[in-house]
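Spelled out, the chains give:
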Amino acid sequence: MTSTIDPKSIGKARQRRHVRTLTGYLPETDEYGKEKWPRGDETTWKENLRGLDKDVPSISKSIISHVQTSLARQAYNLDDFGAYQAAALSARDNLILNWNETQLSYTKKAPKRAYYLSLEFLMGRTFDNALLNLGLKEQYTTAIDKIGFNIENVLDQERDAGLGNGGLGRLAACYLDSSASQELPLWGYGLRYQYGIFQQLINPDGQQLEAPDPWLNHQNPWELPRLDVTYDVRFYGYAERVGDSGKAVWSGGQEVLAVAYDCPIPGYHTKTTNNLRLWESRPKRGFDLNSFNAGDYEKAVESSNSAAAITSVLYPNDHTTFGKELRLKQQYFWTAASLADILRRFKNLGKPITVLPDYVAIQLNDTHPTLVIPELMRVLIDEEDVSWNQAWDITRNVCFYTNHTVLPEALEKWPVPLMEHLLPRHMQIIYDINLFFLQAVEKKFPGDRDRLARMSLIEEGFPKQVRMAFLASIGSRRVNGVAELHSDLVKTTILKDFVEFEGPSKFGNVTNGITPRRWLDQCNPELSDLITKSLQIDRSVWLKDLDKLEGLLPLAEDAAFRGEWAAVKQRNKERWAHWVQTHLGLTVNTNAMFDVQIKRLHEYKRQTLNILGVVYRYLKLKNMTPAERQKVNPRVVFFGAKAAPGYYIAKLTIRLIVNVARIINSDPDTKDYLECYFIPDYCVSIAEVLIPSSDISQHISTAGTEASGTSNMKFCLNGGLLLGTVDGANIEIAEAVGESNVFFFGHLTPDVEDLRYQHVYHPVPVEEKCPALAEVLNIISSGRFGDGSVYEPLLNTVRQGDYYLITEDFDSYIAALDMVDEAYMDKEEWIKKSIRTTAKMGKFSSDRAVMQYAEEMWNIEKTPVD
């Protein structure tokens, strides 16, 4: 006799046996309630458990130990990158100790927890932030110096994590930092992208090129592989309903494995260390040895490649059918694995599934995680034997939805045939949700068929589409926008019918925020030091209570303080100029005004308006005499932005910026008064150097299109003034800092639709509407900045249709730029404006935002680690 095995099971993952909870361990107790030591000699264990390394000798020992054992190196063959790896692993050891205590504390106290699901987490670099939050930056600086390295060189070895692209992901990262700092029991869930979004390169013609961003080529010291935390995720197959119970059996198709990787998230000046859990996709059955031995090498790795593709790249190009399917696969893979993990943790409490809303809150960061709603319904009905009505009640009390856009084209929709093919059971559930929902709508508004069509989760057409924003809205307990104007627009435009049906109390606002730890203390240490010294308040106090910055207001009238403030700004400009010189080989005039626009490239953000304004300024300077030019305020304009690979107009905008900059910067008549630079491969670590240097930043979206924006908050917190439209969080910043300290221009939101109507039905040529802009467009078409025909598709978006109102706002924009020049000439008054701006930024801390979510939506409480 011998043991036998079913050949079909070869290569499958083994069923994991839970010998412990995966994120917390509770010891057994004896009959008297005393904890039992689980194994071995208790004294030996306790004598050898290590504590945090907090002093220079123990930190130095830890770093050198990692050099020897983790890296297998010695002093004679250690370079800056090796020093970074060893020091990072040393810091991670401290994080893990706090992480273990935090998870044990949560397990013991069993508080209600929140889970933040975001397809992006734009984390930036981790090392410096971890040291600051641990309060060990000074000790590590000394220790690293003692082993022969410079802290700045070591910090510079870290690559930005390739887990996000724009404001959505950076907001999620700020909220993780604030939740830990505010001691809230919150975890993040995302995907572990192998290649991030892409590395941006610029070719000699000025075109954006996309290369893979292999940020995981080297060991990532900030993640912990959890190879024992795996979940099966199914795609395709077929779903058969079981009787009239609402249940179904989903079988067949493809199964892939979700493997967890954990990233500790340290709070500032607290033991609380929360978690970001990322999922990597792997094949359920890996290498097909039989196919390989038969010579079919492609089939041998087919399933492996198919599974691995799911988490290869953030936002694969969805202009193809394959790309669309891969995006939907990503979203379901991530939500299914995350929900399985959340439910497993909840079940460890031994509570009935009906009390899930008392212990779990799931925040949907935009519509990407909306599939968690039908997935939770599937699990409750098909696996937990919960009735439809009770399952829907549980789901609607667990989920919360944040809307990030009112642009109709940006509201996510999925073709019904694709959903039926990839997720057949979920499509059944969505149809059922829609039927019951529309029956309720019809009952409240009998006979209103137009309303039923508008509110249906299924948009008629060819093919039919699933409206994910509508599904997120009806499947959530609360819905919020991210700035006061945006939240009002959500309620009066895209979700107007839902507000009328469900009532306004379900729909609220939580204005976005930023973490002051990274976006002031870390990125602008000199300003942080000056604030701490001048307020005479410990740094750890005001960084967690940003309203205390208002203590700076009286100091705006102190000439000596203004001098120190201006000196910090000047040194930050020189630091940024040094970065540009080192990385791009370009020399920047640090005595000029620094004018910055850095954000994802999209037509509604209007980088086009900015570069057309630069061309206008250039032409104006060319027409001046040398004596007239000497009276002009010198300006250096910086752009940083990535365009989606399939976004042709956005990529043309980058090409125009690069080629305009090339001509302007080489013109001997104007280069002392106007420079322009495009910073390639813009990312968080670049922003941390650039933002503190800015004098003015531009946030110039068409009114009513920007949900909030957070880069505006970062610039203002660092003493940069704001030039913008009356849109998004610009409005609330102006209310906080005073409108005399911002520069507004452009039409207001109520005007936009009427102007677009006029464009379509009563068009007026640009030459009549805005002669100054017409001249700029014609100069570009004439070939002044390279082959003008290349830019015609871009220029025609302005000449014909002009959906984003560049012709209407151009004259107002130029007038606002003139106001900025005039104000900057009065240096003392400008510095006062800068100080007042920073002083009034308390509202825009992400600490305030997450506490608002915790109190008004999630109903979770602070849970300090004892």
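Residues numbered from 1 in each chain as written. Predicted model: local features only at pLDDT ≥ 70, side-chain atom pairs only at ≥ 80, totals over all residues. Heavy atoms only, no water.

K.L.:
Residue-level account of the environment of Leu601, with values.
P.N.:
Mapped onto the elements, Leu601 comes out in the loop between strand S17 (593-598) and helix H23 (607-622). The spacing of Leu601 and Ala643 is 42 residues in sequence and 5.1 Å in space, taken between C-alpha atoms. The residues touching Leu601, leaving out its near neighbours within four places in the chain, are Gln607, Ala641, Lys642, Ala643, Tyr647, Ala650, Thr653 and Ile654. (Helix = DSSP H or I, 4+ residues; strand = E, 2+ residues; numbered from the N terminus. Contact = heavy atoms within 4.5 Å.)

K.L.:
Report on the packing of helix H11 (residues 372-383) against helix H12 (residues 388-398), specifying residues and quantitative values.
P.N.:
Here H11 crosses H12 at 140°, and the two axes come no closer than 9 Å. Here H11 is positioned oblique relative to H12, judged by the angle of their axes. In terms of crossing hand, the pair formed by H11 and H12 is right-handed. Where H11 abuts H12, its residues Ile373, Leu376, Met377, Leu380 and Ile381 lie against Trp388, Ala391, Trp392, Ile394, Thr395 and Val398. Here the residues of the contact of H11 with H12 sort into ten nonpolar, one polar and no charged. (Axes fitted to C-alpha atoms, helices over the stretch in contact; angles between N-to-C directions. Parallel < 35°, antiparallel > 145°, perpendicular 65-115°, else oblique. Left-handed = near helix turned anticlockwise from the far one by under 90°. Nonpolar A, V, L, I, M, F, W, Y, C, P; charged D, E, K, R; others polar.)

K.L.:
How would you sum up the sheet that holds strand S22 (residues 742-745)? Please name residues and give values.
P.N.:
What the six strands build is an open sheet, ordered S19-S18-S17-S20-S21-S22; its pairing is parallel. Every other strand in the sheet has two partners, leaving strand S19 (674-678) and S22 as the edge strands with one partner each. Across the sheet, the mean angle from the axis of one strand to that of its neighbour is 20°, orientation sign disregarded. Summarising the sheet, strand S20 (residues 696-699) and strand S21 (residues 721-725) pair through four bridges and their orientation is parallel. Bridge pairing in S21 places His699 opposite Gly724. Its contacts with the sheet put helix H25 (residues 648-665) on strand S18 (635-640) and S19, and the angle it makes with S19 is roughly 145°. (Pairing = 2+ DSSP bridges.)

K.L.:
Hey, could you go over helix H35 (residues 846-858) for me, with residue numbers and the actual values?
P.N.:
For H35, the tally of buried residues reaches ten of 13 residues, placing the bulk of the element in the interior. Ser846, Asp847, Ala849, Val850, Met851, Gln852, Tyr853, Ala854, Met857 and Trp858 are the residues of H35 that are buried. Sitting at the amino-terminal end of H35 is Ser845, which places a side-chain oxygen 3.1 Å from the backbone nitrogen of Asp847. Just beyond H35, the residue with positive phi is Asn859, at close to 60°. (Buried < 20%, exposed > 50% of the residue type's maximum accessible area, 1.4 Å probe, protein only. Polar contact = N/O pair within 3.5 Å; in protein donor to acceptor, adjacent residues only side chain to side chain.)

K.L.:
Before we move on, could you go through the pairing of S18 and cite the residues and values that matter?
P.N.:
Burial analysis of S18 places six of its six residues in the buried class, the great majority of the element. Both faces of S18 are covered, namely the face carrying Arg635, Val637 and Phe639 and the face carrying Val636, Phe638 and Gly640. In this sheet, S18 lies alongside S17 in parallel orientation, the contact comprising six bridges. Each bridged residue has a counterpart across the sheet, and for Met593 the counterpart in S18 is Arg635. Where S18 and S19 come together, five bridges link them in parallel fashion. By the bridge assignment, Val637 is partnered in S19 with Cys676.

K.L.:
Now, about the packing of aromatic side chains: what can you tell me, with residues and values included?
P.N.:
Applying the stated criterion to the full structure yields 32 aromatic pairs. Each ring, one from Phe743 and one from Trp830, has its centre 6.1 Å from the other, and the planes form 20°; the classification is stacked. In this pair, Phe743 is assigned in strand S22 and Trp830 in helix H34 (residues 827-839), connecting sequence segments 87 residues apart. Above the face of the Trp519 ring, Lys714 is positioned so that its terminal group lies 4.8 Å from the ring centre. (Phe/Tyr/Trp six-rings, centres within 6.5 Å; stacked < 30°, edge-to-face > 60°. Lys NZ or Arg CZ within 6 Å of the ring centre and 35° of its normal.)

K.L.:
Describe the state of the cysteines, with residues and values.
P.N.:
What the rule picks out here adds up to zero disulfides. Cys174 supplies the cysteine sulfur nearest to Cys263, a cysteine that is in no disulfide, at a spacing of 16 Å. Using a relative accessible area of 10% as the deciding quantity, one classes Cys263 as buried. Looking at the unpaired Cys683, the closest cysteine sulfur is the one in Cys523, lying at 13 Å. Classification of Cys683 as partly exposed rests on a relative accessible area of 23%. (Disulfide = S-S within 2.5 Å.)

K.L.:
Explain the nonpolar core to me, and be specific about the residues and the numbers.
P.N.:
Met123, Phe235, Trp279, Phe333, Val360, Ile362 and Trp858 are the most contacted members of the largest nonpolar core, which totals 126 residues. When residues in this core are grouped by element, the largest group, eleven residues, is from helix H10 (residues 321-347). Listed in part, the 61 residues of the second largest apolar core include Val614, Met624, Phe678 and Phe743. (Core = buried A, V, L, I, M, F, W, Y, C linked by side-chain atoms within 4.5 Å.)

K.L.:
Summarise the environment of Ile59; cite the residues concerned and give the values.
P.N.:
In this structure, Ile59 sits in helix H2 (residues 56-69). For Ile59, a relative accessible area of 0% gives the class buried. Once the C-alpha coordinates of Ile59 and Ser90 are considered, the two residues, 31 residues apart in sequence, prove to be 7.3 Å apart. Here Ile59 is in contact with Asp53, Lys54, Ser90, Gln139, Tyr140 and Ala143, once residues within four sequence places are set aside.

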